[in-house]
Amino acid sequence: MANRKKRKSDAEEKREYFIVDRRILPTSIQNVIKVNDLIQQEKISKYEAIKRVGLSRSTYYKYKDYIKPFFESGKEKVFSIHLALVDEPGILARILDVIASHDMNILTIIQNIAIDGIGRATISVQTTENILRKIEGMLELISEIEGVKELRIIGSN
């Protein structure tokens, strides 16, 4: 009876998701990602991709269902950027210029009143699969704008 309760509580455990930089992941997890990329891009079998990457089959099958790219395949993607900005004229305008220069569509902007000289804003951006690779560069440019104190992605579809 105790085993049934334990299994039930494990199954009911709330899932939590995190966005992490690929570079901090263990090699085995990075290799699972490589296998998935090969399967998707080159349309090869799982077996062939696992063999090419040099990963054990047991490791691949242990983790494959738990690893999803931040942007999965699809035509349009929406994600939100949360920002903490110094309360000075023009900072948000420069951020919006960077987003527009990367061919991304701004869906919503929520800006709060500044407290202690720092305002918070959330910008929802729509992009297509063709330009998803530009996002990292765009975020880097935004983070370099003087007055941007914090930048993080808080969600995507």
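The structure under discussion appears in the preceding block.
Note that the structure is predicted; figures quoted are calculated from it, not measured.

Conventions used here
Residues numbered from 1 in each chain as written. Predicted model: local features only at pLDDT ≥ 70, side-chain atom pairs only at ≥ 80, totals over all residues. Heavy atoms only, no water. Helix = DSSP H or I, 4+ residues; strand = E, 2+ residues; numbered from the N terminus. Buried < 20%, exposed > 50% of the residue type's maximum accessible area, 1.4 Å probe, protein only. Areas by Shrake-Rupley, 256 points an atom, 1.4 Å probe, with all protein chains shown as cover. Axes fitted to C-alpha atoms, helices over the stretch in contact; angles between N-to-C directions. Parallel < 35°, antiparallel > 145°, perpendicular 65-115°, else oblique. Left-handed = near helix turned anticlockwise from the far one by under 90°. Contact = heavy atoms within 4.5 Å. Nonpolar A, V, L, I, M, F, W, Y, C, P; charged D, E, K, R; others polar. Pairing = 2+ DSSP bridges. Polar contact = N/O pair within 3.5 Å; in protein donor to acceptor, adjacent residues only side chain to side chain. Patch = residues over 30% accessible without salt bridge, like charges linked within 9 Å, V, L, I, M, F, W, Y side chains within 5 Å. Salt bridge = Lys/Arg side-chain N within 4 Å of Asp/Glu carboxyl O. Expected span 1.5 Å × (residues − 1). Phe/Tyr/Trp six-rings, centres within 6.5 Å; stacked < 30°, edge-to-face > 60°.

### Some remarks on the overall build of the chain
Looking only at helices and strands, one finds six helices and four strands in the chain. Of the regular secondary structure in the chain, the N- to C-terminal order runs α-α-α-α-β-α-β-β-α-β. Counting over 157 residues, the chain shows a buried share of 31%. Entry remark: accessible area of the chain is about 11400 Å², with carbon and sulfur atoms responsible for 49%.

### Some points on the packing of helix α5 (residues 91-101) against helix α6 (residues 135-143)
Across the interface, α5 lies against α6 with an axial gap of 10 Å and an inter-helix angle of 160°. Regarding the angle of α5 to α6, the classification is roughly antiparallel. Considering only the axes of α5 and α6, their crossing is right-handed. Counted together, Ile-95, Val-98 and Ile-99 of α5 and Met-138, Leu-141 and Ile-142 of α6 form the full contact between these two elements. In terms of residue class, the contact of α5 with α6 is built from six nonpolar, no polar and no charged.

### Observations regarding the pairing of strand β2 (residues 105-111)
Sheet analysis places β2 next to strand β3 (residues 118-128), joined by six bridges and oriented antiparallel. Residue pairing in the sheet places Thr-108 in a bridge with Ser-124 of β3. Where β2 folds back on β3, the antiparallel hairpin that results is connected by six residues, among which Asp-116 adopts a positive phi of roughly 55°.

### Observations concerning the side chain of His-82
Among the secondary structure elements, His-82 is positioned in strand β1 (residues 76-86). Only 3.4 Å separates the side chain of His-82 from the side chain of Thr-122, close enough to count as a polar contact. Those residues in contact with His-82, other than ones at most four positions away along the chain, are Arg-120, Ala-121, Thr-122, Glu-150, Leu-151, Arg-152 and Ile-154.

### Description of a nonpolar patch on the surface
A cluster of nonpolar side chains, namely Phe-18, Val-20 and Ile-24, defines an oily patch on the protein surface of about 360 Å² accessible area. As for its position among the elements, Phe-18 is in the loop between α1 (2-12) and α2 (27-42).

### Observations concerning α2
Helix length check: α2, at 16 residues, gives a terminal C-alpha distance of 22 Å against a target of 22 Å (1.5 Å per residue), a fit within 8%. Every buried residue of α2 is accounted for by Ile-29, Asn-31, Val-32, Ile-33, Val-35 and Leu-38. The inward-facing, buried residues of α2 abut α3 (46-53) and α4 (57-63). Remark: Lys-43 follows α2 within two positions and exhibits a positive phi of approximately 55°.

### As for the packing of aromatic side chains
Overall, the coordinates contain one aromatic pair when judged by the stated rule. With a centroid separation of 5.2 Å and 80° between ring planes, the pair formed by Tyr-60 and Tyr-61 is classed as edge-to-face. Residue classification places Tyr-60 among the buried positions, given a relative accessible area of 2%. Judged by relative accessible area, Tyr-61 falls into the partly exposed class, the value being 41%.

### Considerations on the pattern of salt bridges
Summed over all chains, the structure comprises seven salt bridges. As a salt-bridge pair, Asp-65 and Lys-64 come within 2.8 Å of each other at their nearest N and O atoms. On the basis of relative accessible area, Asp-65 is assigned to the partly exposed category, the value being 48%. Through salt bridges with shared partners, a single network forms among Glu-42, Glu-48 and Arg-52.

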